[in-house]
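# Reading the structure
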Amino acid sequence: KAISRGRSARVGLVATNSIRGGSNRKVLERVAEHATLYNVWSDEPWINEGASVRVSMICFAVQGDSASAHLSLNGEPTRTIHSDLTGGGADLTSAQKLAANSALCFQGSKFVGPFDVAPETARDWLKASGNPNGQPNSDVLRPWFNGMDITRRRTDRWVIDFGTDMRQEEAALYEAPFEHVRQHVKPYREANRERRGREIWWLHQRPRPELRAAVAGISRYIVTPEVAKHRLFVFVEGSAVPCGSVYSIPRWDDETFGILHSRIHELWALRQGTSLEDRPRYTPTSTFETFPFPAGLEPNRDPSNFDNPYADAVADAARDLNESRERWLNPPEWTERVPEVVDGYSDRVVAKPGCETKLAK
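Quantities reported herein were computed from a predicted structural model and do not represent experimental measurements. All residue numbers refer to position in the chain's written sequence, counted from 1. Thresholds applied to this predicted model are a pLDDT of at least 70 for local features of residues and 80 or more for the giving and counting of side-chain atom pairs; totals over whole chains, interfaces and linings are not thresholded and use all residues. Side-chain figures throughout are based on the complete set of non-hydrogen atoms in the structure, without hydrogens or water.

### Let's talk about the environment of P114
In DSSP terms, a helix is any run of H or I states spanning at least four residues, a strand is any run of E spanning at least two, and both are numbered starting from the N terminus. Tracing the sequence through the fold places P114 in the loop between β6 (106-107) and β7 (116-117). Sequence separation between P114 and P77 is 37 residues; the distance between their C-alpha atoms is 53 Å. Two residues qualify as a contact provided that any one of their heavy atoms is within 4.5 Å of a heavy atom in the partner residue. Other than its neighbours up to four places away in sequence, P114 contacts H180, H184, V185 and Y188.

### Some remarks on a nonpolar patch on the surface
Nonpolar side chains collect at one region of the surface, where V14, W46 and V53 lie side by side and expose about 240 Å² of accessible area between them. Looking at the secondary structure, you find V53 in strand β3 (residues 51-62). Like-charged residues are merged into a patch within 9 Å and nonpolar side chains (Val, Leu, Ile, Met, Phe, Trp, Tyr) within 5 Å, provided each residue has over 30% relative accessible area and no salt bridge. Here the Shrake-Rupley method, with its probe set to 1.4 Å, supplies the accessible areas, and only the displayed protein chains count as covering residues. Think of a salt bridge as a Lys or Arg side-chain nitrogen and an Asp or Glu carboxyl oxygen that are within 4 Å of each other.

### Things to note about the nonpolar core
Counting residues in each nonpolar core, the largest one holds 24 residues, and the members touching the most others are F111, V117, L141, I160, F162, V181 and W202. Elements represented by at least two residues in this core include exactly α2 (119-127), β8 (141-145), β9 (158-160) and α5 (175-189). If near-sequence neighbours (up to four positions away) are discounted, F111 is found in contact with W144, V159, R189, H204, Q205, V241 and C243. Throughout, nonpolar core names a set of buried Ala, Val, Leu, Ile, Met, Phe, Trp, Tyr and Cys residues whose side chains join them through atoms within 4.5 Å. Think of it in three bands: residues with accessible area under 20% of the maximum for their type are buried, residues over 50% are exposed, and the middle band is partly exposed, with areas taken using a 1.4 Å probe on protein chains only. Core analysis: the next-biggest nonpolar cluster, separate from the first, contains 21 residues, I222, Y282, F288 and A311 among them.

### A few points about the pairing of strand β10 (residues 220-225)
Most of β10 is tucked away, with 5 of its 6 residues classed as buried. Relative to strand β11 (residues 234-237), β10 runs antiparallel, the two being bridged by 4 bridges. From the neighbouring strand, R220 faces β11, where its bridge partner is E237. For β10 and strand β13 (residues 246-249), the ladder comprises 4 bridges, and the chain directions are antiparallel. In the strand pairing of β13, T224 is matched with Y247. By this definition, two strands are paired if DSSP reports at least two bridges between them.

### Side note on the sheet that holds strand β12 (residues 241-242)
With mixed pairing, the 4 strands of this open sheet are ordered in space as β7-β9-β8-β12. Of all strands in the sheet, those with a lone pairing partner are β7 and β12, marking the two edges. In this sheet, β9 lies alongside β8 in antiparallel orientation, the contact comprising 3 bridges. Directly across from R142, in β9, lies its bridge partner V159. Against the sheet, α2 touches β7, β8 and β9, its axis set at about 60° to β9. Axis geometry follows a simple rule: fit a line to the C-alpha atoms, using only the stretch in contact for helices, then measure angles between N-to-C directions, giving values from 0 to 180 degrees.

Below, the structure written as structure tokens:
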């Protein structure tokens, strides 16, 4: 306002580095309408009284000011500075969402309450019988995972999940899981600011019905952590529940997996996403939904209709990558697969006797 109203010729601004991306960037887009960014440090450490954050330092001047004759980005001269605090090259801030990518990247469920249970408890419930409705507890017990399970080896986690619209009277017929939720989740939810959270305390507060519908009937799909030092994607089984720190892409084909793991998509995600401190954040609206997939490999196509001449090569490279990562995380000489206690769940990978210490390293 100071510049647009003629009160100042030059202004300096210090903000967290998240100002460069997502909805936060609207501030800089408005600045760029009335001023010239001329001296910018896009991502610097800021330590003050014990607090350690990453900041962007921005100087801008009224258009035509002498400062605009010498632009500098991160201490280096540049010809242009875009509103995402990058210089030269293409201005990716103008990238638009693509119809072929819409409704294909979902945030995971937000439980809001202690719905998770110890694996030993979950297995006891899975083997138990005697519910008044005659149904097994496997209806409402599912494996779940978070971002750390993607970047490392999967841990053995289970969550009580009554779906998206099960009535309380129906949920109560699964006696042991419902009693756990009544004792542990209901008191937690009583202080919830949302009316739905307080009143429908037996359901996850954000159960993501759109994601559930998208992965129904497929054996695996692609997931990535919201925040991670390195951008990576993995396949997970269709029965697993991702939590809110995970983004899910309901695609099962190796071609899409390979494109997402490409260097091109990694660089796109770094430019288009935001960050938490020094860790990049994957933001679907600006990263996935704007990313131009190769012609003939668009993510809304059925894989049987891919007509790109490089489709097979991409798929082969993706399979090799995934198999190599699995061998590194779960060496066959140190691990074995054991059947799960209930049909419908994937076998578990466990350490062979005597190899627990090797895997821990």
